[in-house]
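Inside the fold
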Amino acid sequence: MTLISVLTPDITYGLRVQGFTSVGDGPLSDMVQVKTQQGVPGQPSKFQVGAVSDTSIELTWEPAFETKGVINYELRYIDRSLGTQMKKTFAPTHAYVVEDLRPNTEYYFSLAAISNQGIGAFTNDILQKTLQATPVSSVVLVSECLSQGETRVSCSSEGGDSPQYSWTLDGHTLTDAQLLSGNNETNNITLKPDVSGQLVCSVRNHISGISTCGYMFIVCTLSNGMHISQSVRVSSNSQCIEPTSAFTAIQ
């Protein structure tokens with residue numbers, strides 16, 4: 001009896017047998033076709049880290065050679081500081097982003113492919129740390145009076161990942177009746193003509209416990225055809241309260 005190894009699963013092979021002696025080789029037998037059985041998938045290769053943020057880590061890999069029967073992947077990851085293991089199962093792909101992670105935390109990751117026959121071997125663990133999260137530190141407002149009396153305003157923030165913006169005018173959320181373009185959640189807006197008042201841009205992210213605000217008092221009128229721009233910078237300890245002097249009149 002002879003064992004033939006290193007064959008590919010789910011492949012049909014043709015086999016012939018030939019005997020030989022000291023006198024010479026005998027005739028070949030008739031061909032017999034044999035199909036190997038589908039086994040568990042092989043181990044994914046080149047398992048590595050892609051993009052990293054404070055709350056997410058991207059993982060990429062190349063599938064094993066035996067990909068025909070893969071129906072899912074299983075990803076296991078462990079929070080190194082807590083020792084808790086989590087598991088994700090998803091359809092065949094070559095990349096996956098693990099979200100809702102803790103900032104500035106190390107995680108172990110390993111991956112295996114799954115077929116109808118079972119789960120294959122897991123990759124070796126890889127270790128990756130999420131980035132340190134930073135809060136929003138300051139806000140800058142820049143405005144410009146346009147030719148028809150509209151006011152274009154941009155709001156930008158320093159520091160902080162994934163900032164979220166909101167706007168109020170005289171203490172009330174901006175409405176479509178006041179906006180020519182943009183909306184209450186974008187960082188660039190254009191106000192319609194004759195819209196004036198105390199404009200507040202609030203910026204926060206998932207780290208900031210409170211919003212940091214920039215203030216500007218908008219009265220956009222043109223003098224001698226001149227366009228006027230002005231910016232307001234608010235210090236990092238500014239909270240969303242009524243300002244006493246941190247606003248600028250534009251007229």
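As for the confidence of the model for the protein chain
Per-residue confidence for the protein chain gives a mean pLDDT of 79; residues scoring 70 or more make up 78%. Ignoring residues within four places in sequence, the model shows residues 226-239, a span with pLDDT below 50, making 50 contacts including any to other chains. Segment residues 241-251: pLDDT under 50, and 25 contacts once partners within four positions in sequence are set aside and those in other chains are kept.

Topic: the environment of alanine 95
For alanine 95, the location among the structural elements is in strand 9 (residues 95-98). Once residues within four sequence positions are removed from consideration, alanine 95 is found in contact with Glu58, Leu59, Thr60 and Trp61.

A look at unusual backbone geometry
Despite not being glycine, lysine 46 shows a phi value in the positive range, around 50 degrees. When you line up the elements, lysine 46 lands in strand 5 (residues 45-52). A positive phi is found at aspartate 100, a non-glycine position, where the angle reads about 60 degrees. One can find aspartate 100 in the loop between strand 9 and strand 10 (106-115).

Brief notes about the pairing of strand 5
As paired strands, strand 5 and strand 6 (residues 57-62) are joined by 4 bridges and run antiparallel to one another. Residue valine 52 lies in a different strand from strand 6, and its bridge partner there is isoleucine 57. Where strand 5 hands over to strand 6, the hairpin turn is made up of 4 residues, counted between the paired strands.

Some words on the pattern of salt bridges
All chains considered together, the criterion is met by 5 salt bridges. In this structure, aspartate 79 and arginine 102 form a salt bridge, with 3.0 Å as the shortest nitrogen-oxygen distance. Remark: arginine 102 occurs in the loop between strand 9 and strand 10 and aspartate 79 occurs in strand 7 (residues 72-79); sequence separation between them is 23 residues. By relative accessible area, arginine 102 is classed as partly exposed at 36%. A salt bridge links glutamate 144 to arginine 152; its shortest N-O distance comes to 3.2 Å. Relative accessible area serves as the criterion here: at 42%, arginine 152 is assigned to the partly exposed category.

Regarding the sheet that holds strand 9
Here we have 3 strands laid out as an open sheet, ordered 5-6-9, and antiparallel in their pairing. Edge positions in the open sheet fall to strand 5 and strand 9, since each of these has one partner strand only. The mean inter-strand angle of the sheet, taken between neighbouring strand axes irrespective of direction, is 20 degrees.

Cut-offs applied
- Residues numbered from 1 in each chain as written.
- Predicted model: local features only at pLDDT ≥ 70, side-chain atom pairs only at ≥ 80, totals over all residues.
- Heavy atoms only, no water.
- pLDDT = per-residue confidence, 0-100.
- Contact = heavy atoms within 4.5 Å.
- Helix = DSSP H or I, 4+ residues; strand = E, 2+ residues; numbered from the N terminus.
- Pairing = 2+ DSSP bridges.
- Salt bridge = Lys/Arg side-chain N within 4 Å of Asp/Glu carboxyl O.
- Buried < 20%, exposed > 50% of the residue type's maximum accessible area, 1.4 Å probe, protein only.
- Axes fitted to C-alpha atoms, helices over the stretch in contact; angles between N-to-C directions.

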